Amino acid sequence: MRPIVRSSSSLSRIRWALRNQERHSSTFCSKSRKLLICANEKEALVNTNTYNSTLFSRLSFSRGLSAEAVEAADAVRLTVSSSSSDVNRTGPLVEYERRISDGDLMTGDVCQLGALKELQRLHDELVESVDTCRLDRYNTSDKSSRSRWFWSRLMPQSSVSPVKGLYLYGGVGTGKTMLMDLFFDQLPCTWKKQRIHFHDFMLTVHSRLQKHKGLSDPLEVVAQEIAHDAILLCLDEFMVTDVADALILNRLFGHLFSNGIILVATSNRNPDKLYEGGLQRDLFLPFIASLKERNVVHEIGSSVDYRKLTSAEQGFYFIGKDLSTLLKQKFQELIGGNVVARPQEVEVVMGRKLQVPLGANGCAYFPFEELCDRPLGAADYFGLFKKFHTLALEGVPVFGLHNRTAAYRFVTLVDVMYENRARLLCTAEATPQELLEKIVTISDAKAMSPRTSSRSRKNDVSELCVDNELGFAKDRTISRLTEMNSKEYLEQHAITHNL
(Lines give C-alpha, C1' and ligand atoms only; values in the text may rest on other atoms or scores of the structure.)
Protein backbone atom coordinates (compact mmCIF):
# COMPACT_ATOMS: atom_id res chain seq x y z
CA MET A 1 0.00 0.00 0.00
CA ARG A 2 1.23 3.45 -0.89
CA PRO A 3 1.62 5.90 1.97
CA ILE A 4 -0.66 8.93 2.08
CA VAL A 5 1.28 12.14 1.60
CA ARG A 6 -0.23 15.46 2.72
CA SER A 7 1.05 18.96 2.19
CA SER A 8 2.21 21.08 5.11
CA SER A 9 -0.76 23.47 4.65
CA SER A 10 -3.20 20.57 4.89
CA LEU A 11 -1.58 19.35 8.12
CA SER A 12 -1.78 22.84 9.61
CA ARG A 13 -5.50 23.07 8.85
CA ILE A 14 -6.09 19.67 10.44
CA ARG A 15 -4.17 20.62 13.59
CA TRP A 16 -6.12 23.88 13.86
CA ALA A 17 -9.46 22.07 13.51
CA LEU A 18 -8.51 19.50 16.17
CA ARG A 19 -7.40 22.18 18.63
CA ASN A 20 -10.57 24.16 18.03
CA GLN A 21 -12.72 21.08 18.54
CA GLU A 22 -10.83 20.20 21.73
CA ARG A 23 -11.26 23.74 23.07
CA HIS A 24 -15.02 23.75 22.43
CA SER A 25 -15.35 20.27 23.92
CA SER A 26 -13.39 21.31 27.03
CA THR A 27 -15.50 24.46 27.47
CA PHE A 28 -18.72 22.46 27.09
CA CYS A 29 -17.58 19.82 29.61
CA SER A 30 -16.45 22.49 32.06
CA LYS A 31 -19.80 24.29 31.87
CA SER A 32 -21.69 21.02 32.19
CA ARG A 33 -19.58 20.01 35.18
CA LYS A 34 -20.16 23.37 36.91
CA LEU A 35 -23.91 23.12 36.34
CA LEU A 36 -23.92 19.57 37.70
CA ILE A 37 -21.85 20.51 40.78
CA CYS A 38 -24.10 23.50 41.52
CA ALA A 39 -27.21 21.34 41.21
CA ASN A 40 -25.71 18.65 43.44
CA GLU A 41 -24.60 21.20 46.04
CA LYS A 42 -28.09 22.71 46.21
CA GLU A 43 -29.66 19.28 46.51
CA ALA A 44 -27.13 18.17 49.13
CA LEU A 45 -27.66 21.37 51.12
CA VAL A 46 -31.42 20.94 51.11
CA ASN A 47 -31.13 17.25 52.00
CA THR A 48 -28.60 17.92 54.78
CA ASN A 49 -30.60 20.72 56.35
CA THR A 50 -33.79 18.67 56.11
CA TYR A 51 -32.02 15.61 57.56
CA ASN A 52 -30.43 17.48 60.46
CA SER A 53 -33.65 19.36 61.21
CA THR A 54 -35.67 16.15 61.18
CA LEU A 55 -33.03 14.23 63.16
CA PHE A 56 -32.75 16.66 66.04
CA SER A 57 -36.32 17.93 66.15
CA ARG A 58 -37.49 14.32 66.37
CA LEU A 59 -34.86 13.54 68.99
CA SER A 60 -35.60 16.65 71.06
CA PHE A 61 -39.33 17.34 70.85
CA SER A 62 -41.41 14.44 69.54
CA ARG A 63 -39.68 12.16 72.05
CA GLY A 64 -40.28 14.61 74.87
CA LEU A 65 -36.77 15.16 76.24
CA SER A 66 -36.07 17.63 79.05
CA ALA A 67 -34.97 21.24 78.41
CA GLU A 68 -31.39 20.16 79.15
CA ALA A 69 -31.70 17.40 76.57
CA VAL A 70 -33.00 19.85 73.97
CA GLU A 71 -30.07 22.17 74.68
CA ALA A 72 -27.56 19.30 74.35
CA ALA A 73 -29.23 18.09 71.16
CA ASP A 74 -29.03 21.61 69.69
CA ALA A 75 -25.32 21.75 70.53
CA VAL A 76 -24.73 18.42 68.80
CA ARG A 77 -26.83 19.58 65.82
CA LEU A 78 -24.66 22.67 65.44
CA THR A 79 -21.54 20.49 65.61
CA VAL A 80 -22.84 18.16 62.90
CA SER A 81 -24.12 20.90 60.57
CA SER A 82 -21.05 23.12 60.93
CA SER A 83 -18.50 20.34 60.45
CA SER A 84 -19.94 18.85 57.26
CA SER A 85 -22.83 19.13 54.80
CA ASP A 86 -22.29 15.64 53.42
CA VAL A 87 -25.48 13.59 53.53
CA ASN A 88 -23.39 10.42 53.48
CA ARG A 89 -21.57 11.37 56.67
CA THR A 90 -20.98 8.44 58.99
CA GLY A 91 -20.10 8.06 62.63
CA PRO A 92 -21.50 7.05 66.01
CA LEU A 93 -23.86 10.04 66.28
CA VAL A 94 -25.61 9.26 62.98
CA GLU A 95 -25.82 5.55 63.81
CA TYR A 96 -27.17 6.34 67.31
CA GLU A 97 -30.09 8.31 65.85
CA ARG A 98 -30.77 5.58 63.29
CA ARG A 99 -31.03 2.97 66.06
CA ILE A 100 -33.38 5.19 68.05
CA SER A 101 -35.55 5.67 64.94
CA ASP A 102 -35.59 1.90 64.34
CA GLY A 103 -36.52 1.24 67.97
CA ASP A 104 -33.28 -0.58 68.76
CA LEU A 105 -32.41 1.97 71.46
CA MET A 106 -34.46 3.90 73.97
CA THR A 107 -35.14 7.64 73.63
CA GLY A 108 -31.99 9.76 73.45
CA ASP A 109 -30.31 10.41 76.79
CA VAL A 110 -28.87 13.91 77.24
CA CYS A 111 -25.80 12.48 78.99
CA GLN A 112 -25.22 9.98 76.20
CA LEU A 113 -25.51 12.78 73.63
CA GLY A 114 -22.62 14.60 75.32
CA ALA A 115 -20.47 11.48 75.11
CA LEU A 116 -21.50 10.93 71.49
CA LYS A 117 -20.32 14.43 70.63
CA GLU A 118 -16.83 13.47 71.86
CA LEU A 119 -16.92 10.13 70.05
CA GLN A 120 -18.02 11.83 66.82
CA ARG A 121 -15.20 14.35 67.24
CA LEU A 122 -12.71 11.52 67.58
CA HIS A 123 -14.24 9.63 64.65
CA ASP A 124 -13.93 12.66 62.35
CA GLU A 125 -10.34 13.42 63.41
CA LEU A 126 -9.31 9.82 62.79
CA VAL A 127 -10.89 9.81 59.32
CA GLU A 128 -9.03 13.02 58.46
CA SER A 129 -5.73 11.72 59.87
CA VAL A 130 -5.88 8.11 58.71
CA ASP A 131 -2.55 8.30 56.84
CA THR A 132 -0.73 10.35 59.48
CA CYS A 133 -1.83 7.93 62.20
CA ARG A 134 -0.98 4.84 60.07
CA LEU A 135 -4.45 3.40 60.72
CA ASP A 136 -5.06 1.59 57.43
CA ARG A 137 -3.16 -1.69 57.55
CA TYR A 138 -3.09 -1.97 53.75
CA ASN A 139 -1.60 1.49 53.18
CA THR A 140 1.26 0.94 55.60
CA SER A 141 4.31 -0.47 53.85
CA ASP A 142 5.92 -3.47 55.52
CA LYS A 143 9.26 -2.15 54.30
CA SER A 144 8.77 1.24 55.93
CA SER A 145 7.59 -0.46 59.14
CA ARG A 146 10.74 -2.58 59.24
CA SER A 147 12.88 0.48 58.49
CA ARG A 148 11.17 2.42 61.26
CA TRP A 149 11.75 -0.47 63.70
CA PHE A 150 15.44 -0.75 62.65
CA TRP A 151 16.19 2.95 63.16
CA SER A 152 14.30 2.97 66.47
CA ARG A 153 16.80 0.37 67.66
CA LEU A 154 19.70 2.72 66.87
CA MET A 155 18.12 6.08 67.66
CA PRO A 156 15.05 5.95 69.93
CA GLN A 157 12.36 8.22 68.49
CA SER A 158 8.77 9.09 69.34
CA SER A 159 5.83 9.03 66.93
CA VAL A 160 3.07 10.20 69.26
CA SER A 161 -0.30 10.44 67.52
CA PRO A 162 -1.56 13.95 66.70
CA VAL A 163 -5.06 12.78 67.66
CA LYS A 164 -6.07 12.63 71.33
CA GLY A 165 -8.00 9.60 72.54
CA LEU A 166 -11.00 9.48 74.88
CA TYR A 167 -11.43 8.30 78.47
CA LEU A 168 -15.16 7.83 79.12
CA TYR A 169 -16.26 7.25 82.71
CA GLY A 170 -19.48 7.23 84.71
CA GLY A 171 -21.90 5.17 86.75
CA VAL A 172 -22.93 1.60 86.06
CA GLY A 173 -25.37 0.78 83.27
CA THR A 174 -25.20 4.26 81.68
CA GLY A 175 -24.27 2.93 78.24
CA LYS A 176 -20.49 3.44 78.14
CA THR A 177 -19.75 0.06 76.57
CA MET A 178 -22.63 0.40 74.10
CA LEU A 179 -21.37 3.82 72.97
CA MET A 180 -17.78 2.62 72.59
CA ASP A 181 -18.93 -0.40 70.56
CA LEU A 182 -21.08 1.93 68.44
CA PHE A 183 -18.01 4.07 67.74
CA PHE A 184 -15.79 1.04 67.07
CA ASP A 185 -18.24 -0.56 64.62
CA GLN A 186 -18.50 2.62 62.53
CA LEU A 187 -14.79 2.55 61.68
CA PRO A 188 -13.49 0.71 58.58
CA CYS A 189 -12.64 -2.95 59.09
CA THR A 190 -9.34 -2.40 57.26
CA TRP A 191 -8.06 -0.17 60.06
CA LYS A 192 -5.60 -1.38 62.67
CA LYS A 193 -8.04 -1.40 65.57
CA GLN A 194 -8.83 -3.65 68.53
CA ARG A 195 -11.64 -3.73 71.06
CA ILE A 196 -10.86 -5.76 74.19
CA HIS A 197 -11.79 -5.97 77.88
CA PHE A 198 -9.14 -4.49 80.18
CA HIS A 199 -8.76 -7.78 82.11
CA ASP A 200 -8.12 -9.67 78.88
CA PHE A 201 -5.72 -6.98 77.64
CA MET A 202 -3.56 -7.18 80.78
CA LEU A 203 -3.51 -10.98 80.62
CA THR A 204 -2.17 -10.70 77.07
CA VAL A 205 0.48 -8.20 78.22
CA HIS A 206 1.70 -10.47 81.04
CA SER A 207 1.76 -13.48 78.70
CA ARG A 208 3.91 -11.58 76.20
CA LEU A 209 6.21 -10.37 78.98
CA GLN A 210 6.84 -14.01 79.88
CA LYS A 211 7.73 -14.75 76.26
CA HIS A 212 10.26 -11.88 76.15
CA LYS A 213 11.74 -12.46 79.58
CA GLY A 214 15.48 -11.80 79.59
CA LEU A 215 15.43 -8.78 77.25
CA SER A 216 16.70 -5.45 78.54
CA ASP A 217 13.22 -3.87 78.22
CA PRO A 218 10.54 -6.45 77.42
CA LEU A 219 7.77 -3.86 77.89
CA GLU A 220 9.10 -1.89 74.91
CA VAL A 221 8.96 -4.99 72.72
CA VAL A 222 5.44 -5.84 73.94
CA ALA A 223 4.30 -2.28 73.17
CA GLN A 224 5.74 -2.53 69.64
CA GLU A 225 3.91 -5.81 69.08
CA ILE A 226 0.62 -4.31 70.26
CA ALA A 227 1.09 -1.20 68.07
CA HIS A 228 1.90 -3.41 65.07
CA ASP A 229 -1.50 -5.10 65.42
CA ALA A 230 -3.61 -2.12 66.46
CA ILE A 231 -3.08 1.65 66.44
CA LEU A 232 -6.58 2.31 67.82
CA LEU A 233 -6.97 0.48 71.14
CA CYS A 234 -10.45 0.35 72.73
CA LEU A 235 -10.34 -0.91 76.33
CA ASP A 236 -13.59 -1.67 78.13
CA GLU A 237 -13.90 -1.52 81.95
CA PHE A 238 -10.56 0.13 82.72
CA MET A 239 -10.06 -0.77 86.39
CA VAL A 240 -6.77 -1.22 88.24
CA THR A 241 -6.84 -3.41 91.35
CA ASP A 242 -3.74 -5.54 90.91
CA VAL A 243 -0.39 -4.17 92.11
CA ALA A 244 1.44 -6.03 89.32
CA ASP A 245 -0.68 -4.19 86.74
CA ALA A 246 -0.33 -0.85 88.52
CA LEU A 247 3.48 -0.98 88.56
CA ILE A 248 3.87 -1.55 84.80
CA LEU A 249 1.07 0.61 83.36
CA ASN A 250 3.06 3.86 83.29
CA ARG A 251 5.99 2.39 81.34
CA LEU A 252 3.75 0.23 79.15
CA PHE A 253 1.54 3.11 78.03
CA GLY A 254 4.55 5.40 77.74
CA HIS A 255 5.87 3.02 75.08
CA LEU A 256 2.40 2.58 73.53
CA PHE A 257 1.82 6.33 73.17
CA SER A 258 5.32 6.73 71.72
CA ASN A 259 4.38 4.12 69.11
CA GLY A 260 1.36 6.17 68.03
CA ILE A 261 -1.34 4.29 69.94
CA ILE A 262 -4.70 6.09 70.29
CA LEU A 263 -6.65 4.98 73.35
CA VAL A 264 -10.41 4.84 73.88
CA ALA A 265 -11.34 3.57 77.35
CA THR A 266 -14.47 3.15 79.45
CA SER A 267 -14.41 3.03 83.23
CA ASN A 268 -16.53 3.48 86.32
CA ARG A 269 -13.81 5.63 87.85
CA ASN A 270 -12.51 9.13 87.33
CA PRO A 271 -8.81 8.86 86.29
CA ASP A 272 -7.76 10.57 89.53
CA LYS A 273 -9.52 7.80 91.49
CA LEU A 274 -7.86 4.86 89.70
CA TYR A 275 -6.04 2.47 92.05
CA GLU A 276 -7.06 4.67 94.99
CA GLY A 277 -5.59 3.34 98.23
CA GLY A 278 -3.50 0.76 96.38
CA LEU A 279 -0.02 -0.38 97.37
CA GLN A 280 2.81 1.91 96.16
CA ARG A 281 0.27 4.21 94.47
CA ASP A 282 2.89 6.97 94.23
CA LEU A 283 4.53 4.90 91.45
CA PHE A 284 1.17 4.78 89.66
CA LEU A 285 0.47 8.54 89.72
CA PRO A 286 2.65 9.38 86.65
CA PHE A 287 0.42 7.07 84.60
CA ILE A 288 -2.67 9.08 85.61
CA ALA A 289 -0.93 12.28 84.43
CA SER A 290 0.00 10.63 81.12
CA LEU A 291 -3.53 9.26 80.68
CA LYS A 292 -5.05 12.73 81.14
CA GLU A 293 -2.49 14.32 78.83
CA ARG A 294 -3.09 11.93 75.92
CA ASN A 295 -6.89 11.68 76.24
CA VAL A 296 -9.97 13.85 76.51
CA VAL A 297 -11.63 12.87 79.80
CA HIS A 298 -15.44 12.88 79.67
CA GLU A 299 -17.97 11.87 82.30
CA ILE A 300 -21.39 10.38 81.52
CA GLY A 301 -23.42 11.88 84.33
CA SER A 302 -26.57 9.81 83.79
CA SER A 303 -28.32 8.41 86.85
CA VAL A 304 -30.24 5.83 84.79
CA ASP A 305 -29.10 2.20 84.95
CA TYR A 306 -30.40 0.81 81.66
CA ARG A 307 -29.55 -2.75 82.66
CA LYS A 308 -32.24 -2.60 85.34
CA LEU A 309 -34.86 -1.51 82.78
CA THR A 310 -34.80 -4.94 81.13
CA SER A 311 -37.61 -7.46 81.51
CA ALA A 312 -37.27 -9.58 84.64
CA GLU A 313 -36.83 -13.34 84.28
CA GLN A 314 -37.14 -15.61 87.30
CA GLY A 315 -35.85 -18.90 85.96
CA PHE A 316 -32.08 -18.84 86.54
CA TYR A 317 -31.39 -17.18 89.91
CA PHE A 318 -32.57 -19.22 92.92
CA ILE A 319 -32.49 -17.76 96.44
CA GLY A 320 -32.15 -19.98 99.51
CA LYS A 321 -30.00 -22.67 101.10
CA ASP A 322 -29.82 -26.40 100.40
CA LEU A 323 -30.85 -26.00 96.75
CA SER A 324 -28.17 -28.28 95.34
CA THR A 325 -30.67 -30.86 94.07
CA LEU A 326 -32.74 -28.18 92.31
CA LEU A 327 -29.67 -26.65 90.63
CA LYS A 328 -28.44 -30.03 89.36
CA GLN A 329 -31.89 -30.76 88.01
CA LYS A 330 -31.92 -27.45 86.07
CA PHE A 331 -28.36 -28.10 84.89
CA GLN A 332 -29.42 -31.51 83.53
CA GLU A 333 -32.32 -29.90 81.67
CA LEU A 334 -29.89 -27.49 79.97
CA ILE A 335 -27.42 -30.15 78.80
CA GLY A 336 -30.15 -32.62 77.77
CA GLY A 337 -31.95 -35.32 79.68
CA ASN A 338 -29.87 -38.24 78.40
CA VAL A 339 -26.49 -36.51 78.43
CA VAL A 340 -24.02 -37.47 81.19
CA ALA A 341 -21.86 -34.59 82.50
CA ARG A 342 -18.27 -35.55 83.36
CA PRO A 343 -15.19 -33.85 84.84
CA GLN A 344 -13.28 -31.85 82.22
CA GLU A 345 -10.10 -29.83 81.89
CA VAL A 346 -9.67 -26.32 80.49
CA GLU A 347 -6.46 -24.83 79.08
CA VAL A 348 -5.53 -21.50 80.67
CA VAL A 349 -2.70 -19.10 79.78
CA MET A 350 0.97 -20.04 80.20
CA GLY A 351 0.30 -23.78 80.31
CA ARG A 352 -1.96 -23.79 83.37
CA LYS A 353 -5.11 -25.91 83.46
CA LEU A 354 -8.43 -25.53 85.26
CA GLN A 355 -10.34 -28.57 86.48
CA VAL A 356 -14.10 -28.47 85.80
CA PRO A 357 -16.09 -30.69 88.22
CA LEU A 358 -18.88 -31.36 85.68
CA GLY A 359 -19.29 -30.27 82.09
CA ALA A 360 -21.27 -31.15 78.95
CA ASN A 361 -22.72 -29.43 75.86
CA GLY A 362 -21.15 -26.05 76.66
CA CYS A 363 -22.39 -26.01 80.27
CA ALA A 364 -20.12 -26.21 83.35
CA TYR A 365 -21.08 -26.93 86.96
CA PHE A 366 -19.11 -25.54 89.92
CA PRO A 367 -19.63 -25.23 93.66
CA PHE A 368 -18.88 -21.61 94.63
CA GLU A 369 -15.87 -22.66 96.73
CA GLU A 370 -14.23 -24.37 93.73
CA LEU A 371 -14.36 -21.23 91.61
CA CYS A 372 -14.05 -18.31 94.04
CA ASP A 373 -12.40 -19.65 97.21
CA ARG A 374 -9.34 -20.96 95.38
CA PRO A 375 -6.42 -18.87 94.06
CA LEU A 376 -7.97 -18.28 90.63
CA GLY A 377 -8.20 -15.11 88.58
CA ALA A 378 -9.33 -13.52 85.34
CA ALA A 379 -7.07 -15.78 83.24
CA ASP A 380 -8.81 -18.89 84.59
CA TYR A 381 -12.26 -17.41 84.00
CA PHE A 382 -11.46 -16.33 80.44
CA GLY A 383 -10.16 -19.83 79.76
CA LEU A 384 -13.35 -21.32 81.20
CA PHE A 385 -15.68 -19.27 78.99
CA LYS A 386 -13.71 -19.94 75.86
CA LYS A 387 -14.97 -23.52 76.19
CA PHE A 388 -18.29 -23.09 78.05
CA HIS A 389 -21.14 -20.65 77.42
CA THR A 390 -23.16 -21.45 80.56
CA LEU A 391 -22.14 -21.68 84.23
CA ALA A 392 -24.15 -23.35 86.97
CA LEU A 393 -22.79 -21.94 90.24
CA GLU A 394 -23.91 -23.47 93.53
CA GLY A 395 -24.04 -21.60 96.84
CA VAL A 396 -23.12 -17.92 96.32
CA PRO A 397 -22.81 -16.50 99.87
CA VAL A 398 -23.47 -13.08 101.33
CA PHE A 399 -20.15 -11.20 101.22
CA GLY A 400 -18.52 -9.38 104.10
CA LEU A 401 -15.28 -8.99 106.00
CA HIS A 402 -14.70 -12.74 106.39
CA ASN A 403 -14.79 -13.53 102.64
CA ARG A 404 -13.47 -10.32 101.08
CA THR A 405 -11.06 -12.20 98.76
CA ALA A 406 -13.87 -14.42 97.47
CA ALA A 407 -15.90 -11.26 96.79
CA TYR A 408 -13.08 -9.90 94.62
CA ARG A 409 -13.02 -13.14 92.62
CA PHE A 410 -16.81 -13.18 92.28
CA VAL A 411 -16.77 -9.59 90.91
CA THR A 412 -14.10 -10.60 88.36
CA LEU A 413 -16.07 -13.75 87.44
CA VAL A 414 -19.21 -11.71 86.73
CA ASP A 415 -17.19 -9.21 84.66
CA VAL A 416 -15.70 -11.99 82.51
CA MET A 417 -19.08 -13.69 82.10
CA TYR A 418 -20.69 -10.44 81.01
CA GLU A 419 -17.89 -9.70 78.54
CA ASN A 420 -18.32 -13.16 76.99
CA ARG A 421 -22.13 -12.97 77.03
CA ALA A 422 -22.24 -16.16 79.11
CA ARG A 423 -25.35 -17.44 80.90
CA LEU A 424 -25.47 -17.81 84.68
CA LEU A 425 -27.57 -20.39 86.50
CA CYS A 426 -27.01 -20.13 90.26
CA THR A 427 -28.24 -20.58 93.78
CA ALA A 428 -27.51 -17.79 96.26
CA GLU A 429 -28.18 -16.87 99.86
CA ALA A 430 -29.76 -13.53 98.89
CA THR A 431 -30.69 -11.17 96.06
CA PRO A 432 -27.84 -9.48 94.10
CA GLN A 433 -28.30 -6.29 96.14
CA GLU A 434 -28.20 -8.16 99.46
CA LEU A 435 -25.16 -10.26 98.52
CA LEU A 436 -22.93 -7.16 98.51
CA GLU A 437 -24.79 -5.01 101.01
CA LYS A 438 -22.07 -5.26 103.67
CA ILE A 439 -19.31 -4.03 101.36
CA VAL A 440 -18.92 -0.24 101.47
CA THR A 441 -16.49 2.46 100.41
CA ILE A 442 -14.64 4.64 102.91
CA SER A 443 -16.97 7.57 102.28
CA ASP A 444 -20.04 5.32 102.79
CA ALA A 445 -18.53 4.03 106.02
CA LYS A 446 -17.93 7.59 107.28
CA ALA A 447 -21.57 8.41 106.67
CA MET A 448 -22.65 5.26 108.54
CA SER A 449 -20.20 5.30 111.43
CA PRO A 450 -16.96 7.31 111.93
CA ARG A 451 -15.46 4.37 113.79
CA THR A 452 -15.58 2.02 110.78
CA SER A 453 -14.16 4.37 108.14
CA SER A 454 -10.48 3.73 108.84
CA ARG A 455 -10.51 -0.06 109.02
CA SER A 456 -12.95 -2.98 109.10
CA ARG A 457 -12.91 -4.60 112.53
CA LYS A 458 -14.21 -7.96 113.69
CA ASN A 459 -16.49 -6.40 116.28
CA ASP A 460 -18.17 -4.07 113.76
CA VAL A 461 -21.86 -4.79 113.32
CA SER A 462 -22.86 -7.07 110.45
CA GLU A 463 -19.21 -7.72 109.51
CA LEU A 464 -19.04 -4.48 107.55
CA CYS A 465 -16.25 -4.66 104.97
CA VAL A 466 -14.70 -1.26 104.15
CA ASP A 467 -13.01 -1.59 100.78
CA ASN A 468 -12.92 1.22 98.23
CA GLU A 469 -12.35 -0.95 95.14
CA LEU A 470 -14.97 -3.54 96.07
CA GLY A 471 -17.38 -0.86 97.24
CA PHE A 472 -16.99 0.89 93.91
CA ALA A 473 -17.36 -2.33 91.91
CA LYS A 474 -20.42 -3.68 93.71
CA ASP A 475 -22.91 -1.46 91.86
CA ARG A 476 -21.55 -2.74 88.55
CA THR A 477 -21.81 -6.35 89.74
CA ILE A 478 -25.40 -5.91 90.98
CA SER A 479 -26.34 -4.22 87.72
CA ARG A 480 -24.80 -6.98 85.61
CA LEU A 481 -26.32 -9.80 87.64
CA THR A 482 -29.71 -8.14 87.17
CA GLU A 483 -29.27 -7.82 83.40
CA MET A 484 -27.86 -11.34 83.03
CA ASN A 485 -31.15 -12.68 84.38
CA SER A 486 -33.29 -10.63 81.98
CA LYS A 487 -35.19 -11.87 78.96
CA GLU A 488 -33.26 -9.57 76.60
CA TYR A 489 -29.86 -10.78 77.80
CA LEU A 490 -30.85 -14.45 77.55
CA GLU A 491 -32.17 -13.94 74.03
CA GLN A 492 -28.89 -12.25 73.04
CA HIS A 493 -26.98 -15.12 74.67
CA ALA A 494 -28.88 -17.61 72.51
CA ILE A 495 -28.10 -15.62 69.34
CA THR A 496 -24.41 -15.17 70.23
CA HIS A 497 -23.87 -18.87 70.89
CA ASN A 498 -26.24 -20.24 68.20
CA LEU A 499 -28.47 -22.00 70.69
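This structure is a prediction, so every number in the text was calculated from the model and none was measured.

Here we take up the packing of helix 7 (residues 198-211) against helix 9 (residues 243-258). The geometry of helix 7 relative to helix 9 is characterised by a closest axis approach of 12 Å and an angle of 85 degrees between their N-to-C directions. Accordingly, the angle class assigned to the pair helix 7 and helix 9 is roughly perpendicular. Residues Phe198, Phe201, Met202, Val205, His206 and Leu209 of helix 7 form the contact with helix 9, whose own contacting residues are Ala244, Asp245, Ile248, Leu249, Leu252, Phe253 and Leu256. Here the contact of helix 7 with helix 9 is built from residues that sort into eleven nonpolar, one polar and one charged.

This next bit is on the sheet that holds strand 2 (residues 193-197). The strand order across the open sheet built from five strands is 2-3-4-1-5, with neighbouring strands paired in parallel fashion. Sheet topology places strand 2 and strand 5 (295-300) at the edges, where each strand pairs with a single neighbour. Strand-to-strand twist of the sheet, defined as the mean angle between neighbouring strand axes without regard to direction, takes the value 10 degrees. Two elements, strand 2 and strand 3 (residues 232-236), share five bridges in a ladder whose sense is parallel. Paired with lysine 193 across the strands is leucine 232, a residue of strand 3. Lying over the sheet, helix 6 (residues 176-185) contacts strand 1 (165-170), strand 2, strand 3, strand 4 (262-267) and strand 5, oriented at roughly 160 degrees with respect to strand 3.

A few words on the sheet that holds strand 11 (residues 423-428). Overall, mixed pairing links the six strands, which are arranged 6-11-10-9-8-7 in an open sheet. Either end of the sheet is taken by a strand with one partner, and the two such strands are strand 6 (317-319) and strand 7 (342-347). Ignoring strand direction, the axes of neighbouring strands in this sheet form an average angle of 30 degrees. Here helix 13 (residues 378-387) sits on the sheet in contact with strand 7, strand 8 (353-360), strand 9 (363-367) and strand 10 (390-396), set at roughly 120 degrees to strand 7.

With that out of the way, let us pick up the pattern of salt bridges. This model, assessed by the stated rule, comprises 24 salt bridges. Of the charged contacts in the structure, one is a salt bridge between arginine 269 and glutamate 469, with a shortest N-O distance of 3.0 Å. Linking arginine 269 in the loop between strand 4 and helix 10 (285-294) with glutamate 469 in helix 17 (residues 468-484), this pair joins segments that are 200 residues apart in sequence. Each member of the pair, arginine 269 together with glutamate 469, is buried. In this structure, glutamate 345 and lysine 353 form a salt bridge, with 3.6 Å as the shortest nitrogen-oxygen distance. The exposure class assigned to glutamate 345 is partly exposed, which follows from its relative accessible area of 38%. A relative accessible area of 44% places lysine 353 in the partly exposed class. Ionic contacts of the salt-bridge type, sharing partners, join the residues Glu95, Arg98, Arg99 and Asp102 into one network.

The next subject is the confidence of the model for the protein. Looking at the protein, pLDDT values average 78 and 72% of them are 70 or higher. This model gives residues 21-70 a pLDDT under 50, and the stretch forms 40 contacts once residues within four places in sequence are excluded. Note on residues 75-85: pLDDT is under 50 here. Beyond four places in sequence and across chains, it has 17 contacts.

Take helix 6 next. Among the ten residues that make up helix 6, seven are buried, leaving the element largely enclosed by the rest of the structure. Those residues of helix 6 that sit buried are Lys176, Thr177, Leu179, Met180, Leu182, Phe183 and Phe184.

What counts and how
- Residues numbered from 1 in each chain as written.
- Predicted model: local features only at pLDDT ≥ 70, side-chain atom pairs only at ≥ 80, totals over all residues.
- Heavy atoms only, no water.
- Axes fitted to C-alpha atoms, helices over the stretch in contact; angles between N-to-C directions.
- Helix = DSSP H or I, 4+ residues; strand = E, 2+ residues; numbered from the N terminus.
- Parallel < 35°, antiparallel > 145°, perpendicular 65-115°, else oblique.
- Contact = heavy atoms within 4.5 Å.
- Nonpolar A, V, L, I, M, F, W, Y, C, P; charged D, E, K, R; others polar.
- Pairing = 2+ DSSP bridges.
- Salt bridge = Lys/Arg side-chain N within 4 Å of Asp/Glu carboxyl O.
- Buried < 20%, exposed > 50% of the residue type's maximum accessible area, 1.4 Å probe, protein only.
- pLDDT = per-residue confidence, 0-100.

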